[in-house]
Protein chains: 2
Amino acid sequence: MTTCIGMIGAGTVGGGVYEIIMNRLNSSSATITKICVRDANKPRDFQIDSSITQVVTDVSSILNDDSIDLVVEVAGGTTFAKDAVFAALKGGKSVVTANKALIAEYLDEIVKLVDEVNADKSKKAVKFGYEASVCGGIPIIHTLQSAYKGDIINEVSGICNGTTNFMLGKMEDGADYDDVLKEAQDLGFAEADPTADVAGHDVRAKIAILAKLAFGITVPIDTIPCIGITEISVVDFAYAKSMGCTIKLVGTAVRQSEFGEHDGALSVYVSPKLVPLNHLLASATGCGNAVAVDSSNLGTASFTGPGAGRYATANSVVADTMRVVNDTCPSSPFPMLSSSIDIDNDFVSAFYIRISFQDGLGIIRSVGDLAESQGVSIHSILQQPITDRMAADTVVTTEACKYSQVKALCELIEKEDFALSAPVFFPMISDY
Amino acid sequence: MTTCIGMIGAGTVGGGVYEIIMNRLNSSSATITKICVRDANKPRDFQIDSSITQVVTDVSSILNDDSIDLVVEVAGGTTFAKDAVFAALKGGKSVVTANKALIAEYLDEIVKLVDEVNADKSKKAVKFGYEASVCGGIPIIHTLQSAYKGDIINEVSGICNGTTNFMLGKMEDGADYDDVLKEAQDLGFAEADPTADVAGHDVRAKIAILAKLAFGITVPIDTIPCIGITEISVVDFAYAKSMGCTIKLVGTAVRQSEFGEHDGALSVYVSPKLVPLNHLLASATGCGNAVAVDSSNLGTASFTGPGAGRYATANSVVADTMRVVNDTCPSSPFPMLSSSIDIDNDFVSAFYIRISFQDGLGIIRSVGDLAESQGVSIHSILQQPITDRMAADTVVTTEACKYSQVKALCELIEKEDFALSAPVFFPMISDY
């Protein structure tokens with residue numbers, strides 16, 4: 001029996017999905033019979049076989065078509081796409097989507113809707129596949145769904161945004177932030193408005209999804225601390241290098257461990273991190289993505305690959321599609337929460353703090369006093385030789401402390417006369 | 001409904017499987033009702049709940065028990081275990097196993113048997129799970145089964161043996177082969193007879209399984225060229241380091257590419273490889289395993305994690321078990337062959353050749369003449385300063401050529417008067 005697919009959207013990813021399913025697989029088990037687009041006359045960069053596939057502009061033509069069992073949503077956005085996905089599920093159609101923003105924002109509603117629809121056991125259960133929503137071509141969703149059934153995950157952390165990873169790589173080589181951003185925009189990696197990437201919002205949506213998969217609980221997006229890469233400068237890479245590290249933008253979901261056991265509250269956050277060069281996350285170069293999972297049974301496992309791109313993302317959509325067709329998709333898109341876990345996003349870590357200052361007497365002592373007042377213990381002070389006494393910088397690293405403590409400390413430092421700007425601070429992955 | 005499991009074997013992995021399923025999952029969906037062991041009175045390092053689980057010594061007690069739907073085989077070996085696995089499948093029971101030797105040797109028979117049993121559509125289909133057979137805790141089997149449905153794989157290569165990876169890591173730090181082997185044996189990583197590990201036979205079984213998964217064809221084990229690590233010495237690591245490389249024991253299955261397209265014959269082989277330090281495979285340290293998959297849609301993706309150990313291996317057995325229980329296991333353990341691919345294990349690569357010699361005149365010229373006679377083009381000659389003229393060595397690297405050409409060349413070099421022993425040669429991963 002052939003599964004008929006209605007695809008919503010026919011852009012970069014959609015074109016890849018169409019080509020793979022219709023040309024490469026060319027299988028009797030799945031075929032795309034309808035594609036819904038905004039403008040049927042717009043030229044496309046892939047060939048649609050009109051003898052098999054009808055191009056429509058009204059999504060109800062897919063939603064009301066009883067011959068269509070599966071809706072592939074590759075339009076993006078959280079308005080039109082949301083309505084279409086929800087309507088499809090309600091109508092008993094399975095859904096495969098690459099839409100991370102939709103999933104991150106409507107995670108609980110999606111889980112609830114799938115459960116409600118599937119409560120009617122007289123009908124075929126609907127499935128919801130979203131492998132392509134996080135880390136493009138890396139099969140991290142399916143791996144978290146199926147490889148950790150008997151395990152306890154302690155931490156998931158990942159480089160989930162290719163654009164910023166590309167930019168940080170160029171900055172490590174000495175390029176300026178503004179130049180690198182322009183290069184990324186010229187190459188089509190970064191949007192004209194790059195906020196979603198450089199402010200970390202894209203990673204925030206993805207780590208919320210990974211946290212739900214790994215720990216079974218929903219962490220509201222707007223409660224997740226999110227520090228982007230806009231304050232990082234070339235000098236931070238020089239300091240990082242002197243510590244045998246690089247800087248990566250990392251989404252982290254980790255259970256705090258007071259006594260060696262990861263059984264405390266769950267912290268989810270997005271931030272640049274100082275990463276040792278021999279750490280798995282340091283191996284993601286260019287636009288590459290990487291996810292490291294730490295668990296009781298496995299210790300550390302890692303998964304690397306392309307985070308974006310037409311065929312990489314399409315490959316994950318097709319893999320999900322074939323899981324639905326072959327009925328090997330898990331019945332519930334997210335695991336059930338078996339035990340209650342507290343959320344405390346005021347995470348604990350060692351921190352890197354770069355202070356820009358006008359040179360004078362007693363600066364280190366002042367910083368020391370302020371750190372003591374906030375209960376922050378200083379681990380090391382690094383200072384490159386001062387060449388410009390009016391605009392110098394120094395780096396302080398801390399022992400493990402809370403994010404809120406370091407934030408309060410940096411706010412106090414900023415108020416000092418010597419400070420030229422707000423200190424730049426972010427967590428460090430300690431040597432392992 | 002509860003799936004009743006009969007487990008065959010109760011050693012290291014079996015104990016882990018029992019603990020995870022019975023204590024951690026403690027689920028109503030799966031329970032181990034029988035364990036078959038050789039000696040019921042032997043003390044075990046895990047607690048068996050006798051109110052639920054019966055310990056038996058006759059495997060027919062499991063095979064003839066209609067209440068048991070799933071047999072977990074963690075006994076190992078290819079005699080008793082083979083009979084039990086085949087009988088279970090014939091009897092309509094699904095099987096989950098960690099037994100790479102069994103699968104590699106009886107791959108086609110297993111596929112055939114599963115197909116035959118499942119041809120009777122009136123009965124529940126049997127499933128065959130073997131995630132734990134390759135790279136312990138890394139979910140590489142399931143990933144190859146499900147993430148590459150719409151992709152074309154060009155190459156799978158992996159560090160699939162933790163013992164030899166541990167040994168090579170120590171040798172990189174300067175330790176001698178014999179000392180390292182003893183240390184590995186003392187730590188319980190290596191067997192008293194280490195042949196299966198150090199001669200590469202373990203990796204050979206695993207790469208045969210990965211090749212079947214990635215390319216759909218069976219490459220007979222005894223046709224796979226297999227070079228172990230026994231000839232590697234500390235001096236090779238010194239040469240490797242001077243080239244920015246390390247040495248790893250790698251199983252490789254690659255389609256040859258004459259004109260940039262990987263569409264030629266499939267080569268499968270096991271050999272130490274010179275690996276650039278920034279290559280993904282170089283990141284597997286200690287007992288860790290790593291697999292890199294190169295494909296048309298994804299480019300390179302990599303998967304790293306623990307290759308062995310009680311809970312890592314048990315975790316994969318449990319993941320398979322839950323896939324059978326939740327009915328998300330693929331219907332066929334291996335993909336169908338869609339197109340015919342030739343096998344040509346006379347693989348093409350650049351090679352590293354270390355020649356041990358007694359110093360004299362004209363040695364380099366002789367090697368050059370012999371290389372030319374075999375059509376081998378020399379890329380570079382590296383020679384550390386000679387300190388002992390009676391026992392010196394030099395390294396020659398070649399341009400891409402065939403394994404058989406280099407083998408013939410080394411046989412000719414060995415016959416020369418200056419040669420102290422057979423040259424040590426293995427392929428190099430070129431910079432990428």
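This one's a predicted model, so the numbers in the text were calculated from it and none came from an experiment.

Draft legend 1. Focus on the overall build of chain A. Each helix and strand counted, chain A has 13 helices and 16 strands in total. For chain A, whose C-alpha radius of gyration is 24 Å, the value lies close to the compact-globule estimate of 22 Å for 432 residues. Projected onto its principal axes, the C-alpha positions of chain A cover 80 × 50 × 35 Å. Of the contacts made within chain A by residues no fewer than 6 positions apart, 74% connect residues no fewer than 24 positions apart. Surface summary for chain A: the accessible area is close to 17,700 Å², and the carbon and sulfur share equals 49%. With 32 positive and 53 negative side-chain charges, chain A shows a spacing of 7 Å between the two charge centroids.

Draft legend 2. Molecular detail of the pattern of salt bridges. All names here are of chain B. For the coordinates displayed, the defined rule picks out 32 salt bridges over all chains. Ionic pairing is found between Asp-236 and Arg-354, a salt bridge with its closest N-O pair at 2.5 Å. Taken together, the positions of Asp-236 in helix α10 (residues 234-242) and Arg-354 in strand β12 (residues 348-357) put the pair 118 residues apart, joining distant regions of the chain. Residue Asp-236 shares its accessibility class with Arg-354, and that shared class is buried. In this structure, Asp-320 engages Arg-323 in a salt bridge whose closest nitrogen and oxygen atoms are separated by 2.8 Å. Here Asp-320 and its partner Arg-323 are both found in helix α11 (residues 310-325), three residues apart, which amounts to about one turn of the helix.

Draft legend 3. Quick look at the sheet that holds strand β3 (residues 54-56) of chain A. All names here are of chain A. Strand order in the open sheet formed by six strands is β3-β2-β1-β4-β5-β6, and the pairing between neighbours is parallel. At either end of the open sheet lies a strand with only one pairing partner, and these are β3 and β6 (128-129). Relative to strand β2 (residues 30-36), strand β1 (residues 3-8) runs parallel, the two sharing six bridges. Of the residues in β2, the one forming a bridge with Ile-5 is Ile-32.

Draft legend 4. Quick look at the UniProt feature "domain: ACT" (unreviewed entry) in chain A. The sites that UniProt annotates as "domain: ACT" (unreviewed entry) are residues 352-427 of chain A. Along residues 352-427 of chain A one finds 32% helix and 32% strand; the C-alpha atoms at either end are 6 Å apart.

Draft legend 5. Fine view of the sheet that holds strand β5 (residues 94-97) of chain B. Residue and element names in this part refer to chain B. The strand order β3-β2-β1-β4-β5-β6 describes an open sheet built from six strands, whose pairing is parallel. Since the sheet does not close on itself, it has two edges, and those belong to β3 (54-56) and β6 (128-129), each with one partner. In the packing of α11 onto the sheet, the strands contacted are β1 (3-8), β2 (30-36), β4 (68-73), β5 and β6, and the crossing angle to β5 comes to about 165 degrees.

Draft legend 6. Spatial organisation of the environment of Lys100(A). Residues and elements named next belong to chain A. Considering the arrangement of structural elements, one finds Lys-100 in helix α4 (residues 100-119). Residue classification places Lys-100 among the partly exposed residues on the basis of a relative accessible area of 26%. A C-alpha to C-alpha distance of 39 Å links Lys-100 and Gly-375, two positions 275 residues apart in sequence. Sequence-distant contacts of Lys-100, defined by excluding residues within four places in its chain, comprise Ser-133, Asp-202, Ala-205, Lys-206 and Ile-209.

Draft legend 7. Region of interest: the domain arrangement of chain A. All names here are of chain A. For chain A, the domain assignment lists domain 1 (3-133), domain 2 (140-301) and domain 3 (348-428). Computed over C-alpha atoms, the centres of domain 1 and domain 2 are 29 Å apart. Taken together, the eight residues of domain 1 in the interface contact 13 residues of domain 2. For the pair domain 1 and domain 2, the summed buried area comes to about 930 Å², and 67% of that belongs to carbon and sulfur atoms.

Draft legend 8. Representation of the relation of the copies chain A and chain B within the structure. For the pair chain A and chain B, the superposition axis carries a translation of 0.0 Å, the fit reaches an RMSD of 0.0 Å, and the rotation angle comes to 180 degrees. In short, the pair behaves as if placed about a two-fold rotation axis. Considering only C-alpha atoms, the part of chain A nearest the rotation axis is Thr328(A), at 2.0 Å.

Draft legend 9. Just the packing of aromatic side chains, in detail. The final tally for this structure, using the stated rule, is 23 aromatic pairs over all chains. Seen from their ring centres, Tyr269(A) and Phe347(A) are 3.4 Å apart, and the 5 degrees between their planes marks the pair as stacked. Linking Tyr269(A) in strand β9 (residues 266-276) with Phe347(A) in the loop between α11 (310-325) and β12 (348-357), this pair joins segments that are 78 residues apart in sequence. Owing to a relative accessible area of 1%, Phe347(A) belongs among the buried residues under this scheme. Site record: aromatic cluster; members linked through ring pairs are Tyr269(A), Phe347(A), Phe351(A), Tyr403(A) and Phe425(A). One Lys or Arg, Lys82(B), reaches over the ring of Phe86(B) and ends 5.0 Å from the middle of that ring. The ring of Tyr106(B) has Lys82(B) sitting right over it, with the charged end atom 4.4 Å from the ring centre.

Draft legend 10. The packing of α4(A) against helix α9 (residues 201-215) of chain A, seen in detail. Residues and elements named next belong to chain A. The geometry of α4 relative to α9 is characterised by a closest axis approach of 9 Å and an angle of 50 degrees between their N-to-C directions. Taken together, α4 and α9 sit at an angle that is classed as oblique. The interaxial crossing formed by α4 with α9 has left-handed handedness. Residues Lys-100, Ile-103, Ala-104, Leu-107 and Asp-108 of α4 touch α9, and the partners they reach there are Asp-202, Ala-205, Lys-206, Ala-208, Ile-209 and Lys-212.

Draft legend 11. Layout of the interface of chain A and chain B. At the interface, 37 residues of chain A touch 36 residues of chain B. Area buried by chain A at its contact with chain B is led by Arg24(A), Asn297(A) and Leu298(A), which between them contribute 20% of it. At the junction of chain A and chain B, the tally comes to two salt bridges. One salt bridge connects Asp151(B) with Arg24(A), and the closest N-O pair in it is separated by 3.8 Å. Applying the counting criterion to the chain A and chain B interface returns 15 residue pairs in polar contact (both at pLDDT 80 or more). Listed by contribution, the elements that provide at least two residues to the side of chain A that touches chain B are α1 (12-25), α5 (140-146), β11 (299-306) and α11 of chain A. Of the pairings in the sheet, the one linking β11(A) to strand β11 (residues 299-306) of chain B comprises three bridges and is antiparallel in character. The partner of Ser302(A) across the bridge, within β11(B), is Thr304(B).

Draft legend 12. Main features of the side chain of Arg255(B). Residues and elements named next belong to chain B. Along the polypeptide, Arg-255 turns up in strand β8 (residues 245-255). In this structure Arg-255 is buried but unpaired, with Asp-263 as the nearest side chain of opposite charge at 6.1 Å. Look past the residues within four positions of Arg-255 in its chain and what remains in contact with it is Asn-154, Phe-215, His-262, Asp-263, Gly-264, Ala-265, Leu-266 and Ile-341.

Draft legend 13. Examining helix α3 (residues 80-90) of chain B more closely. If you check which residues of α3(B) are buried, you get Ala81(B), Ala84(B), Val85(B), Phe86(B), Ala88(B) and Leu89(B). Buried-residue contacts for α3(B) involve β1, α2 (60-63), β4, β5, α4 (100-119) and β6 of chain B.

Draft legend 14. A look at unusual backbone geometry. All names here are of chain A. For Cys-135, which is not glycine, the phi torsion reads 55 degrees and is therefore positive. With respect to the helices and strands, Cys-135 occurs in the loop between β6 and α5. Taking the relative accessible area as the measure of exposure, Cys-135 reaches 0% and is therefore buried.

Draft legend 15. Region of interest: helix α13 (residues 403-415) of chain A. Residue and element names in this part refer to chain A. Between its first and last C-alpha atoms α13 spans 19 Å; for 13 residues at 1.5 Å apiece the expected length is 18 Å, and the two agree. Buried within α13 are the following residues: Tyr-403, Val-406, Leu-409, Cys-410 and Ile-413. Across the axial projection of α13, the buried residues extend over an arc of 125 degrees, all falling on one side. In this structure, the buried residues of α13 make contact with β12, α12 (363-373), β15 (401-402) and β16 (424-428).

Procedures and definitions
Residues numbered from 1 in each chain as written. Chains lettered and ligands numbered in written order. Predicted model: local features only at pLDDT ≥ 70, side-chain atom pairs only at ≥ 80, totals over all residues. Heavy atoms only, no water. Helix = DSSP H or I, 4+ residues; strand = E, 2+ residues; numbered from the N terminus. Rg over C-alpha atoms; globule rule 2.2 N^0.38 Å. Contact = heavy atoms within 4.5 Å. Areas by Shrake-Rupley, 256 points an atom, 1.4 Å probe, with all protein chains shown as cover. Lys, Arg positive; Asp, Glu negative; His and termini not counted. Charge placed at Lys NZ, Arg CZ, Asp CG, Glu CD. Salt bridge = Lys/Arg side-chain N within 4 Å of Asp/Glu carboxyl O. Buried < 20%, exposed > 50% of the residue type's maximum accessible area, 1.4 Å probe, protein only. Pairing = 2+ DSSP bridges. UniProt positions renumbered as here; feature names shortened; annotations may be inferred. Axes fitted to C-alpha atoms, helices over the stretch in contact; angles between N-to-C directions. Domains from an automatic or database assignment. Buried area = accessible area lost by both parts, 1.4 Å probe. Least-squares fit on C-alpha atoms with pLDDT ≥ 70 in both. Phe/Tyr/Trp six-rings, centres within 6.5 Å; stacked < 30°, edge-to-face > 60°. Lys NZ or Arg CZ within 6 Å of the ring centre and 35° of its normal. Parallel < 35°, antiparallel > 145°, perpendicular 65-115°, else oblique. Left-handed = near helix turned anticlockwise from the far one by under 90°. Polar contact = N/O pair within 3.5 Å; in protein donor to acceptor, adjacent residues only side chain to side chain. Expected span 1.5 Å × (residues − 1). Arc of directions from axis to C-beta.

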